[in-house]
Amino acid sequence: MWPGGCRWLPVLLQGYLNLGRLTSARTWGSCWGPMAETFSIGAEAASGLRAPVQQNGDAGGDARGERTSGSPKPVDAGVELPQEVGKQTPVSEEQAPVAPSGPGKRKKRRDATRERVVPPPKKRRAGVSFSDEHFAETSYYFEGGLRKVRPYYFDFRTYCKGRWVGHSLLHVFSTEFRAQPLAYYEAAVREGRLHLNEEPVQDLSIVLKDNDFLRNRVHRHEPPVTAEPVRLLAENEDVVVVDKPSSIPVHPCGRFRHNTVIFILGKEHQLKELHPLHRLDRLTSGVLMFAKTAAVSERIHEQVRDRQLEKEYVCRVEGEFPTEEVTCKEPILVVSYKVGVCRVDARGKPCETVFQRLSYNGHSSVVRCRPLTGRTHQIRVHLQFLGHPILNDPIYNSVAWGPSRGRGGHIPKTDEELLRDLVAEHQAKQSLDVLDLCEGDLSPGLIGSTAPSSELGKDHLGELAASAQKMDGAVEAAPQVLDTMALAPEKATETDVVNQEIDPLCEECRLVRQDPLPQDLVMFLHALRYKGPGFEYFSPMPAWAQDDWQED
């Protein structure tokens, strides 16, 4: 028995503990008065009452932030985030419940009138696909054997990262958003393109807080891909199966959005809300499966986990591959997730691939590949280890790996040197897209002041740069000072753009790039067959895998 006959005190204390984060320490003062205030606050929180606050400026309320009419609008659930931000999970239309600010709280926060209030983050809602609104952002056109996307305006959206908290926007842009100079962001502020918690940013010196919501309107250019169509191999009530051309990513990533299989299927075949059942590298072609529902997706993914699926690829490799069946079980380690490079290493994950030669033309071999595990770049890394890299593999058949190009796992340099040399090679050839990178993604350790290692050599880089100038060169128009490029007031709004293909602040608009050749976008690796319980899908053998094919 509790003293004084307070039989209900344990219950009240438990209630207090459950709601304690909504109250202050002063509720412990006496037995009943403050406790009643505790339950009052808890009831208000349950009822979802909200109090108005001012966004992105002075605030007069609880600094934890109550949502108001100025809080972020629902964000498109299918919109991916910028590559500089690190591909965070898309936000959704749902909102988290918010604790209100009652009279007592307003009295307590009376002296904090100058503190900027941040709205709470919205809940994530998984499984929402892209909609007609996204597909209508821009259109395709075809030229020189390439599928191209007309430049368009796009809103990058993200919540404040933990490492940004306490830093100014100026600091964040100068350290993590290096794709553009600071002058660009200053001009973007003047044009009203930067928003913090859905209010225009007035000064880049504003300090970021936890849960801050950022929106940046940019003029977006996408790299071209092959004009080969995405052909439907099969479709039923459960799945869609396509023959993916090389050079087209499966889903939006990096600089690619509309030039992806997901968007092409939605725009040209009216196939939406698809769930990828497996992934193919951007440069890999062949069988690609999508589920039409989450239930089918889960069922087939369970079959994948239970090793019930059989996958078969075909590739063309350097040299004369052995006639007998070859099994490679070397473990694979990811060197860099950002650059997308792996290698054989005892510390890596266990892998197994079975190879069988199909033909040899005197210079290169066509090889059938059966991966029994599903590691990143598994087939490409194992073929490199065996000394027969894919003939035109831009990563694993590169001189950046050293004289032996990684055969037998012999790499005479550190991982840092390897990454630096790979980036330097593709930067000289102006082909960073091969590594799914752009200039703004590169850290100071990978570019500029750091010289390439001796194996790569300045002479080799000079040859690459000269070749790139002829083949893939970019001619920059007369430079313009961003400070003098402000739009007229009547043209400064986001909705008044007459021609969205040209933007006065866009650096890419001032470059004239020569298009790649369609054959340069193809890697000789093709997903030939996928088989599982009750299904089996094939794609045609590519031209480069035919017996009579000859190198140019």
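Residues numbered from 1 in each chain as written. Predicted model: local features only at pLDDT ≥ 70, side-chain atom pairs only at ≥ 80, totals over all residues. Heavy atoms only, no water.

Looking up the chain in an unreviewed UniProt entry gives the name Pseudouridylate synthase RPUSD2, with the organism given as Mustela putorius furo. Taken verbatim from the UniProt record of the chain, the Sequence similarities (unreviewed entry) comment is "Belongs to the pseudouridine synthase RluA family." (UniProt positions renumbered as here; feature names shortened; annotations may be inferred.)

What follows deals with the overall build of the chain. Looking only at helices and strands, one finds eleven helices and 21 strands in the chain. Within the chain, the proportion of its 552 residues that are buried is 49%. Counted over contacts in the chain with a minimum sequence separation of 6, partners at least 24 positions apart contribute 69%. Per element, the accessible surface of the chain, about 27,000 Å² overall, is 52% carbon and sulfur. (Helix = DSSP H or I, 4+ residues; strand = E, 2+ residues; numbered from the N terminus. Buried < 20%, exposed > 50% of the residue type's maximum accessible area, 1.4 Å probe, protein only. Contact = heavy atoms within 4.5 Å. Areas by Shrake-Rupley, 256 points an atom, 1.4 Å probe, with all protein chains shown as cover.)

Side chains on a regular strand alternate between the two faces of the sheet. Most of strand 17 (residues 364–371) sits out of view: six of its eight residues are buried. Bridge analysis of strand 16 (residues 353–360) against strand 17 gives seven bridges, and the strand direction is antiparallel. Within strand 17, the residue paired with valine 354 across the bridge is arginine 370. Between strand 16 and strand 17, which follow one another and run antiparallel, lie three residues, and glycine 362 among them has a positive phi close to 100°. (Pairing = 2+ DSSP bridges.)

Moving on to helix 9 (residues 378–385). Two residues of an α-helix separated by three or four positions point the same way, owing to the 3.6 residues in each turn. Counting buried positions over the eight residues of helix 9 gives eight, a clear majority of the element. For helix 9, the set of buried residues is Gln378, Ile379, Arg380, Val381, His382, Leu383, Gln384 and Phe385.

We now examine empty space enclosed by the protein. Evaluated as defined, the whole model comprises one cavity of 30 Å³ or more. The space that makes up the largest cavity amounts to roughly 30 Å³. Around the largest cavity sit Arg343, Val344, Val381, Gln384, Phe385, Gly406, Gly409 and Ile411, which together line it. Elements with a contribution of two residues or more to the lining of the largest cavity: strand 15 (341–344) and helix 9. The element contributing the most residues to the lining of the largest cavity is helix 9, with three residues. In the lining of the largest cavity, the residues fall into four nonpolar, three polar and one charged. (1 Å grid on protein atoms, 1.4 Å probe; cavity = no way out; pocket = protein on both sides within 12 Å on 5 of 7 lines; lining within 4 Å. Points joined across faces, edges and corners; volume = space filled by probe spheres on them. Nonpolar A, V, L, I, M, F, W, Y, C, P; charged D, E, K, R; others polar.)

Along the chain, lysine 413 turns up in the loop between helix 9 and helix 10 (415–428). Note: C-alpha distance between lysine 413 and tryptophan 401 (twelve residues apart in sequence) is 8.0 Å. Within the structure, lysine 413 has its side chain in polar contact with the side chain of aspartate 421 (distance 2.7 Å). (Polar contact = N/O pair within 3.5 Å; in protein donor to acceptor, adjacent residues only side chain to side chain.)

What follows is about the packing of aromatic side chains. Two numbers describe a pair of aromatic rings. These are the distance of the centres and the angle of the planes. Applying the stated rule across the entire model yields 14 aromatic pairs. With centroids separated by 4.8 Å and ring planes inclined at 55°, the aromatic side chains of phenylalanine 130 and phenylalanine 263 adopt a geometry described as tilted. Placement of the pair is phenylalanine 130 in the loop between helix 3 (103–108) and helix 4 (132–135) and phenylalanine 263 in helix 7 (residues 261–268), with a sequence separation of 133 residues. Aromatic side chains phenylalanine 524 and tryptophan 549 sit 5.3 Å apart centroid to centroid with 80° between the ring planes, which places their arrangement in the edge-to-face category. (Phe/Tyr/Trp six-rings, centres within 6.5 Å; stacked < 30°, edge-to-face > 60°.)

If you trace the backbone, histidine 382 turns up in helix 9. Beyond its immediate sequence surroundings of up to four residues, histidine 382 is in contact with Cys328, Lys329, Glu330, Ile332, Cys351, Glu352, Thr353 and Phe355.

Moving on: helix 8 (residues 294–305). Taking 1.5 Å of rise per residue, twelve residues should cover 16 Å, and helix 8 covers 16 Å from first to last C-alpha, within 8% of that figure. Within helix 8 the residues assigned to the buried category are Val296, Ser297, Ile300 and Gln303. Each buried residue of helix 8 lies within a common arc of 125° when the element is viewed along its axis, so the set occupies one face. Among the exposed residues of helix 8, those oriented more than 90 degrees off its buried face are Ala294, Ala295 and Arg305. Contacts from the buried residues of helix 8 go to strand 9 (239–244), strand 10 (275–276), strand 11 (285–291) and strand 21 (535–538). Following helix 8 by one or two positions, arginine 307 has its phi on the positive side, about 60°. (Expected span 1.5 Å × (residues − 1). Arc of directions from axis to C-beta.)

Take the side chain of arginine 316 next. Within the secondary structure, arginine 316 is located in strand 12 (residues 310–318). Within the local environment of arginine 316, its side chain forms a polar contact with the backbone oxygen of tryptophan 544, the two atoms lying 2.7 Å apart. If we skip the residues at most four places from it in the chain, arginine 316 touches Asn361, Ser364, Ser365, Val366, Ile390, Leu391, Phe524, Trp544, Ala545, Gln546 and Trp549.

The next subject is the state of the cysteines. Enumeration over the complete set of coordinates arrives at zero disulfides. There is no disulfide at cysteine 509, and the cysteine sulfur nearest it, in cysteine 506, is 3.6 Å away. In this structure cysteine 509 comes out as partly exposed when scored by relative accessible area, which is 27%. (Disulfide = S-S within 2.5 Å.)

The backbone phi angle of serine 247 is positive, close to 85°, even though this residue is not glycine. Here serine 247 is to be found in the loop between strand 9 and helix 7. Judged by relative accessible area, serine 247 falls into the buried class, the value being 1%. Phi is positive for histidine 377, close to 55°, though the residue is something other than glycine. Position of histidine 377 among the secondary structure elements: in the loop between strand 17 and helix 9.

So, on to the sheet that holds strand 5 (residues 199–200). With antiparallel pairing, the four strands of this open sheet are ordered in space as 3-6-4-5. Among the strands making up the open sheet, the edge pair consists of strand 3 (152–159) and strand 5. Strand direction decides the pairing type here: strand 4 (residues 194–196) and strand 6 (residues 213–220), joined by three bridges, are antiparallel. For histidine 195, the partnering residue across the bridge sits in strand 6 and is arginine 215.

Below, the discussion takes up the sheet that holds strand 2 (residues 146–149). If you walk across this open sheet you meet the three strands as 1-2-7, and the pairing is antiparallel. Of all the strands in the sheet, just strand 1 (140–143) and strand 7 (225–226) have a single pairing partner and so form its edges. As judged from the four bridges shared by strand 1 and strand 2, these two strands associate in the antiparallel manner. If you follow tyrosine 141 over to strand 2, its bridge partner there is lysine 148. Packed on one face of the sheet, helix 7 meets strand 1 and strand 2 and runs near 105° to strand 1. (Axes fitted to C-alpha atoms, helices over the stretch in contact; angles between N-to-C directions.)

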